[in-house]
Each structure stands twice: as C-alpha cells, then as structure tokens.
Amino acid sequence: MLKREELVKKAFDGMKNAYAPYSKYHVGAAVELKDGTVFIGANVENASYGATNCAERSALFAAYSNGYRKSDVVALAIVSDGDRLCGPCGICRQVLSELIGNDVPIYLSNGTENKDTNMGELLPMQFTEEDVIR
Ligand code: THU
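Residues numbered from 1 in each chain as written. Predicted model: local features only at pLDDT ≥ 70, side-chain atom pairs only at ≥ 80, totals over all residues. Heavy atoms only, no water.

A.B. asks: Please explain the sheet that holds strand β1 (residues 27-33) as it appears in this structure.
C.D. replies: Sheets are built from strands paired through backbone hydrogen bonds, the pairs being either parallel or antiparallel. Spatially, β2-β1-β3-β4-β5 is the arrangement adopted by the 5 strands of the open sheet, whose pairing is mixed. In the strand order of this sheet, the two ends are held by β2 (38-42) and β5 (114-117), each with one partner. Here the average twist between neighbouring strands, direction ignored, is 15 degrees. As paired elements, strand β4 (residues 106-109) and β5 share 4 bridges and run antiparallel to each other. Within β5, the position partnered with L108 by the bridge is K115. Across the sheet, helix α1 (residues 4-15) is in contact with β1, β2, β3 (73-80), β4 and β5; its angle to β3 comes to roughly 55 degrees. (Pairing = 2+ DSSP bridges. Helix = DSSP H or I, 4+ residues; strand = E, 2+ residues; numbered from the N terminus. Axes fitted to C-alpha atoms, helices over the stretch in contact; angles between N-to-C directions. Contact = heavy atoms within 4.5 Å.)

A.B. asks: Quick question: what am I supposed to make of the nonpolar core here?
C.D. replies: One broad trend across soluble globular proteins is that nonpolar side chains are buried collectively. One finds V31, L60, V73, L76, I100 and I106 to be the most contacted residues of the largest nonpolar core, which totals 25 residues. When residues of this core are traced back to their parent elements, those giving at least two are β1, α2 (55-65), β3, α3 (90-99), β4 and α4 (119-122). For this core, the element with the most residues is α2, which contributes 5 residues. Not counting chain neighbours up to four residues away, the residues in contact with I106 comprise L76, I78, I100, K115, D116, T117, N118, M119 and L122. Membership of the second largest hydrophobic core comes to 9 residues, among which are L7, A11, A30 and A77. (Core = buried A, V, L, I, M, F, W, Y, C linked by side-chain atoms within 4.5 Å. Buried < 20%, exposed > 50% of the residue type's maximum accessible area, 1.4 Å probe, protein only.)

A.B. asks: What exactly am I supposed to notice about the environment of E32 here?
C.D. replies: Along the chain, E32 falls in strand β1. On the accessibility criterion, E32 (5% relative accessible area) is buried. The spatial distance from the C-alpha of E32 to the C-alpha of A75 is 5.3 Å, given a sequence separation of 43 residues. Ignoring anything within four residues of it in the chain, the contact list for E32 reads M1, L2, L7, T37, V38, D72, V73, V74 and A75.

A.B. asks: Sorry, what's going on with the packing of aromatic side chains here?
C.D. replies: The relative placement of two aromatic rings is captured by the distance of their centres and the angle of their planes. Tallied over the full model, the rule gives 2 aromatic pairs. With 5.6 Å between their ring centres and 40 degrees between their planes, Y22 and Y49 make a pair best called tilted. Note that Y22 is positioned in the loop between α1 and β1 and Y49 in the loop between β2 and α2, a separation of 27 residues in sequence. A residue is classified by how much of its surface remains accessible, and Y22, at 39% relative accessible area, is partly exposed. (Phe/Tyr/Trp six-rings, centres within 6.5 Å; stacked < 30°, edge-to-face > 60°.)

Below you can see the structure in the form of structure tokens.
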C-alpha cells in the first residue's frame, strides 16, 4: 500500500488534468487498487453545468471500467486547489458509498491542510444496493 503522501501526490497529478473553465476550481483524485494499480481522475466540466463529472467519480469510474471492484479498492485521495479541503459532494458520497468500502481510507488535501476520513464517517445511514435488491 502506498504512503498517504504518495497517493496524494498522484491525486495532484490528476488535478493538473482538470477541465474546469467555468468554476476554475481544480480537483484531482487517485484511487489505489490491491494489485498496486493507481487510476487518477480530474473534474471535467461542461457548458451544461449538470453534465460535469467530479474528480473522484472520474477516478473510480476509470477503475471500474477497467474491471476493478469494491473489494480491490485500498485507498482514495481527493485534492483541490481550494482554500479549504474538498470534501466529496453529495452525489459523489452516494456513488462512493457503493463503489468503495466504508473503512477504505480517504485522504483529503489542498496542499496545506490534510484530513483522513472514510465513507462510514462521510455518509452515515447509507441507502445501498441491499435496500434495492430484494
Ligand atoms: N468537484 C469535484 O470534482 N469533486 C467534488 O467532490 C466537489 C466538486 C468539482 C465539480 C466542479 O467541476 C467543481 O468542483 C466546482 O463545483
């Protein structure tokens, strides 16, 4: 497993690819898998603002698109160039709650401030696949 600062650095690499002409708020993410593979992601905006994809979903969708699943995810880093840490938005919390385990470490950083959290903490009382698949 990579050290916190190593995965955070990869998330900052992802942030360089942010396509954010509207908000000018740049976000990067990096997801580490059990076999050592790391996928980076960036926020990708659209003139139809609602079509924007957040960085953490970009990274996780890349991992899933390459065949990885929840049990493969060992850590996720989310970084931004904002003055405050970028806690995942509501849509991302719902998506992450299904795509990564509740105890998987999530490293937040903006270069000056750092915080470690997980989905159990970020989204209590989750609505999950178990509620839907009966
Ligand atoms: N954004 C993310 O990439 N992740 C989040 O969790 C919060 C918001 C992006 C979306 C948009 O491109 C920009 O930040 C401003 O909302």
